[in-house]
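# Report on the structure
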Amino acid sequence: MKTTDNSTTDELLRFIENSPTQFHAADNVRKILLENDFEELRENDSWKLEKGGRYFLVRNESAVIAFKVPQNPIGCFMIGASHSDSPCFKIKENPEMICEQGAYVKLNAEGYGGMLMAPWFDRPLSVAGRICLWKGNRLETKLVNIDRDLMMIPSLAIHMDRSANEGHPINVQTEMLPVLGSGISKGGFMELVAENAEVSAEEIASADLFLYCRSSGSVWGANKEFFSAPRLDDLQCAYTVLQGFVAAPQTDSSVPVYALFDNEEVGSGTKQGACSDFLKNTLQRIVSGTGGDSSDYGRITANSFMVSADNAHAVHPNHGDKACPTNRPVMNGGIVVKHNAAQKYTTDAVSAAVFKAVCRKAGVPVQDYFNRSDIPGGSTLGHLSNAQVSLNTVDIGLAQLAMHSPYETAGVEDTERMIKAMKVFFGSTFASCGGGNWELC
């Protein structure tokens, strides 16, 4: 019996485990870039870009853009984009709620993104995010992660809800509140957060804190061909696109760009989301910082290409009727090109062909995904980003099951394939030859 090599997946699982929130994911991306000799820039500073330079910048501590400057004048941008956030529950301010005559302390929370709520029951949970501290006349932020099993959202016993297995709507305000402890825990939540951050509770001015699933990643299957973990959507793409970006050789005239946006799961309409000016401003500053002007920017973006990487649905083994009759991606079947007639995905004939050419060069198989025509699908960051920076774009992903569950499943082989394909992509150049003709080399 063949056993699949899962060393790359093990590395991905370590990245995911160390990235319980979008803030931690961005910080881990930042560390990888620094380890690979990228220089950190700040948006509120003047930039001095050198030929052959490798740079990155962070916005809101949850979004990252990195790029490499070529030796020759810029001909195009080769952009790979993904997102750092995942559906979860956000802890409200003043969260503690005492119930049952002081027997329990639970926390008030609200949904972030469109998650499958039922799988959150009866799992070990904890809290991570960032806090904002008073430091005299200035504010300072700090990441926190209470790295232990801390909370649980208990389900109701079947004896008290005989119709539970028939399904019922879940009320996020009354049923999805995590239990922190017994009554003696009253007043202790922010003390736990402060202790983890090595500050006093009085120093904490505000916080962005999220529940996260503590279940460890697991490789499974008869041939160890599958793996499951929290936050595969979209940290699997965020990690593999980054690895391809770092490993790709620098070309003579293209600018490889790695873009990690936040808030895709809630519409991307934030200063750090795909709808923001983050990418547009960065690309404009790259052009001006290498001696170009607005005319050059228009010319270069017309020659540019974006890969919007956000995971895709695999056909479900128990619900095959929910998939398109003729386009049925499977895990370990290769990278998925995503299509939608209403342009929720940006893929068209040209962008699909370009990306399939990349995969062919990388020796990586490709699959196509369409929604069932009578089942509306989701959307992603590609078409939203295009509102700010309009260029040829393809939407892709890796096939997975249980999307938006706190514990999702994907294929081991596809992780390595994505890295190989993105390494080829970032090492390529793209240009319009006029008359509907394009060149990728």
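Keep in mind it's a predicted model, so treat the numbers as computed, not measured. (Residues numbered from 1 in each chain as written. Predicted model: local features only at pLDDT ≥ 70, side-chain atom pairs only at ≥ 80, totals over all residues. Heavy atoms only, no water.)

## What about the packing of aromatic side chains?
In this structure the tally under the stated criterion is 13 aromatic pairs. Where tryptophan 220 meets phenylalanine 226, the ring centres are 5.1 Å apart and the plane angle is 50 degrees; that geometry is what we call tilted. Residue tryptophan 220 is classed as partly exposed on the basis of its relative accessible area of 38%. Judged by centre distance (5.3 Å) and plane angle (65 degrees), the rings of phenylalanine 425 and phenylalanine 426 are edge-to-face. A relative accessible area of 0% places phenylalanine 425 in the buried class. (Phe/Tyr/Trp six-rings, centres within 6.5 Å; stacked < 30°, edge-to-face > 60°. Buried < 20%, exposed > 50% of the residue type's maximum accessible area, 1.4 Å probe, protein only.)

## Re the pattern of salt bridges
This model, assessed by the stated rule, comprises 17 salt bridges. As a salt-bridge pair, arginine 30 and glutamate 40 come within 2.9 Å of each other at their nearest N and O atoms. Of this pair, arginine 30 sits in helix 2 (residues 22–35) while glutamate 40 sits in strand 1 (residues 39–41), and the two are 10 residues apart along the sequence. Classification of arginine 30 by relative accessible area gives partly exposed; the value is 29%. Linking aspartate 296 and arginine 299 is a salt bridge whose minimum nitrogen-to-oxygen distance equals 3.3 Å. With aspartate 296 and arginine 299 both in helix 6 (residues 294–302), this residue pair falls three residues apart, about one helical turn. Ionic contacts of the salt-bridge type, sharing partners, join the residues Glu61, Lys90, Arg130 and Asp208 into one network. (Salt bridge = Lys/Arg side-chain N within 4 Å of Asp/Glu carboxyl O. Helix = DSSP H or I, 4+ residues; strand = E, 2+ residues; numbered from the N terminus.)

## Quick word on the environment of valine 336
Mapping valine 336 onto the fold places it in strand 16 (residues 335–338). Given the relative accessible area of 0%, valine 336 is considered buried. Considering only alpha carbons, one finds valine 336 and asparagine 311, 25 residues apart in sequence, at a separation of 8.3 Å. Apart from the residues within four sequence positions on either side, valine 336 is in contact with Ala312, Pro329, Gln367, Asp368, Tyr369, Asp395, Ile396, Gly397 and Ala399. (Contact = heavy atoms within 4.5 Å.)

## Quick look at the pairing of strand 12 (residues 226–229)
Where strand 11 (residues 218–220) meets strand 12, three bridges bridge the pair, whose relative direction is antiparallel. When the bridges of strand 12 are listed, tryptophan 220 appears paired with phenylalanine 226. The antiparallel hairpin formed by strand 11 and strand 12 contains five residues in its connecting segment, where glycine 221 sits at a positive phi of about 105 degrees. Bridging between strand 12 and strand 20 (residues 408–411) involves four bridges; their strand directions are antiparallel. The partner of phenylalanine 227 across the bridge, within strand 20, is alanine 410. (Pairing = 2+ DSSP bridges.)

## A look at the packing of helix 7 (residues 349–362) against helix 9 (residues 412–426)
Relative to each other, helix 7 and helix 9 sit at 110 degrees, their axes nearing to 8 Å. In terms of their interaxial angle, helix 7 and helix 9 are classed as roughly perpendicular. Between helix 7 and helix 9 lies a crossing whose hand is right-handed. Here Phe355, Val358, Cys359, Lys361 and Ala362 of helix 7 come into contact with helix 9, specifically with Lys420, Ala421, Met422, Val424 and Phe425. Tallied by class, the residues present in the contact of helix 7 with helix 9 amount to eight nonpolar, no polar and two charged. (Axes fitted to C-alpha atoms, helices over the stretch in contact; angles between N-to-C directions. Parallel < 35°, antiparallel > 145°, perpendicular 65-115°, else oblique. Left-handed = near helix turned anticlockwise from the far one by under 90°. Nonpolar A, V, L, I, M, F, W, Y, C, P; charged D, E, K, R; others polar.)

## Some thoughts on helix 9
The end-to-end C-alpha separation of helix 9 is 22 Å, in line with the 21 Å expected for 15 residues at 1.5 Å each. Within helix 9, 11 of the 15 residues are buried, which leaves the element mostly enclosed by the surrounding structure. For helix 9, the set of buried residues is Val412, Asp414, Thr415, Arg417, Met418, Ile419, Ala421, Met422, Val424, Phe425 and Phe426. (Expected span 1.5 Å × (residues − 1).)

## Some points on the sheet that holds strand 18 (residues 392–397)
Each strand in a sheet pairs with another by means of backbone hydrogen bonds, the pair being arranged parallel or else antiparallel. Reading across the sheet, the nine strands line up as 1-2-3-13-4-14-18-16-17 and stay open at both edges, with mixed pairing between neighbours. Both edges of this open sheet fall to strand 1 and strand 17 (366–369), since each of them pairs with a single strand only. Neighbour-to-neighbour, the strand axes of the sheet open up by a mean angle of 25 degrees, direction not taken into account. Bridging between strand 2 (residues 54–59) and strand 3 (residues 63–68) involves six bridges; their strand directions are antiparallel.

## Details of the side chain of aspartate 310
With respect to the helices, strands and loops of the structure, aspartate 310 is situated in the loop between strand 14 (305–309) and strand 15 (312–313). The charged side chain of aspartate 310 is buried without a salt bridge, its nearest counter-charge being lysine 338 at 4.9 Å. At 3.2 Å, the side chain of aspartate 310 and the side chain of histidine 83 are in polar contact. Residues within four places of aspartate 310 in sequence aside, it is in contact with His83, Asp233, Asp234, Cys237, Glu264, Lys338, Thr380, Ile396 and Gly397. (Lys, Arg positive; Asp, Glu negative; His and termini not counted. Polar contact = N/O pair within 3.5 Å; in protein donor to acceptor, adjacent residues only side chain to side chain.)

## What to know about the packing of helix 2 against helix 4 (residues 232–247)
Orientation of helix 2 relative to helix 4, taken along the N-to-C sense of each, is 15 degrees, at an axis distance of 11 Å. One element, helix 2, and the other, helix 4, form an angle in the roughly parallel class. Helix 2 and helix 4 meet at a crossing whose hand is right-handed. Together, Ala25, Val29, Ile32 and Leu33 of helix 2 and Leu235, Leu242, Gln243, Phe245 and Val246 of helix 4 make up the contact between the two elements. Partitioning the contact of helix 2 with helix 4 into residue classes produces eight nonpolar, one polar and no charged.

## Some details on the nonpolar core
Counting 53 residues, the largest nonpolar core has Leu33, Phe245, Tyr258, Ile335, Phe355, Ile396 and Met418 as the members making the most contacts within it. In terms of residues, this core owes the most to one element, helix 4, which gives nine residues. Among residues more than four places away in sequence, those in contact with phenylalanine 355 are Val307, Ile335, Val337, Val394, Ile396 and Met422. (Core = buried A, V, L, I, M, F, W, Y, C linked by side-chain atoms within 4.5 Å.)

## What about the sheet that holds strand 10 (residues 204–213)?
Strand order in this open sheet of six strands is 8-7-10-5-6-9, and the pairing throughout is antiparallel. Where the open sheet ends on each side, the last strands, each with one partner, are strand 8 (138–145) and strand 9 (179–182). Ignoring strand direction, the axes of neighbouring strands in this sheet form an average angle of 25 degrees. As defined by bridge partners, strand 7 (residues 125–135) adjoins strand 8 across eight bridges and the pair is classed as antiparallel. Paired with alanine 128 across the two strands is asparagine 145, which belongs to strand 8. Relative to strand 8, helix 2 is tilted by about 95 degrees, and along the sheet it contacts strand 6 (104–112), strand 7, strand 8 and strand 10.

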